[in-house]
Amino acid sequence: MFKEFRDFISRGNVLDLAVGVIIGGAFATITKSLTDDVLLPFIGWLFGGVDFSRFFVRLGPVPADFKGALTDYAALKAAGVPLIGYGAFVTAVINFLILAFVIFLIVRSANRLMAPPPAAEAAPAPEPEEVTLLREIRDSLKGR
């Protein structure tokens with residue numbers, strides 16, 4: 001069983017997948033930072049100070065001992081108030097779109113860099129039996 005597991009792990013596809021997952025996780029962190037720290041503040045400034053994290057709907061009551069602001073999504077969530085954070089969802093969608101676009105650009109560039117595989121010359125199709133038979137008959141008649 002250990003040998004089979006070692007053979008499975010040593011296959012190129014499994015190692016490539018593992019490297020891809022690790023790099024993808026690191027790249028997702030970079031994309032999240034780009035979205036949270038660069039794009040969303042810029043979009044907020046562009047539209048008059050809109051902060052996407054403030055967009056939420058409160059579904060339940062606030063605990064009596066809550067001391068924070070009722071507009072602080074993170075504090076309300078930490079206090080256990082049921083919330084629908086559609087601003088956080090918008091942020092996640094923007095993260096996804098950026099990540100998908102960058103991956104598209106990477107794949108597109110890689111496809112352009114890779115040389116197209118050489119076209120294999122097609123072998124001539126085998127001659128149908130009828131043609132072979134007719135050719136033999138013709139040659140036979142010529143010989144007479």
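**A closer look at the overall build of the protein**
Item 1. Counting its secondary structure elements, the protein contains 5 helices and 2 strands.
Item 2. Ordered by position in the sequence, the α and β elements of the protein form the string α-α-β-α-β-α-α.
Item 3. For the protein, whose C-alpha radius of gyration is 32 Å, the value lies well above the compact-globule estimate of 15 Å for 144 residues.
Item 4. With respect to the principal axes defined by its C-alpha atoms, the protein has extents near 115 × 50 × 30 Å.
Item 5. Looking at the protein as a whole, 12% of its 144 residues qualify as buried.
Item 6. A sequence separation of at least 24 residues applies to 51% of the contacts in the protein between residues at least 6 apart.
Item 7. With an accessible surface of roughly 11900 Å², the protein has 69% of that area assigned to carbon and sulfur atoms.

**Section: the packing of aromatic side chains**
Two aromatic rings, taken as a pair, are described by how far apart their centres are and by the angle between their planes.
Item 1. By the definition in use, this model includes 4 aromatic pairs.
Item 2. Measuring from centroid to centroid gives 5.9 Å for Phe55 and Tyr86, while their planes differ by 5°, and the two rings are stacked. In this pair, Phe55 sits in the loop between helix H2 (12-46) and strand E1 (57-58) while Tyr86 sits in helix H4 (residues 86-113), placing the two residues 31 residues apart along the sequence.

**As for the confidence of the model for the protein**
Item 1. When pLDDT is averaged across the protein, the result is 82; 98% of the residues are at 70 or more.
Item 2. Mean pLDDT values for the elements of the protein range from 76 in helix H1 (residues 2-10) up to 91 in strand E2 (residues 83-84).

About the cut-offs
- Residues numbered from 1 in each chain as written.
- Predicted model: local features only at pLDDT ≥ 70, side-chain atom pairs only at ≥ 80, totals over all residues.
- Heavy atoms only, no water.
- Helix = DSSP H or I, 4+ residues; strand = E, 2+ residues; numbered from the N terminus.
- Rg over C-alpha atoms; globule rule 2.2 N^0.38 Å.
- Buried < 20%, exposed > 50% of the residue type's maximum accessible area, 1.4 Å probe, protein only.
- Contact = heavy atoms within 4.5 Å.
- Areas by Shrake-Rupley, 256 points an atom, 1.4 Å probe, with all protein chains shown as cover.
- Phe/Tyr/Trp six-rings, centres within 6.5 Å; stacked < 30°, edge-to-face > 60°.
- pLDDT = per-residue confidence, 0-100.

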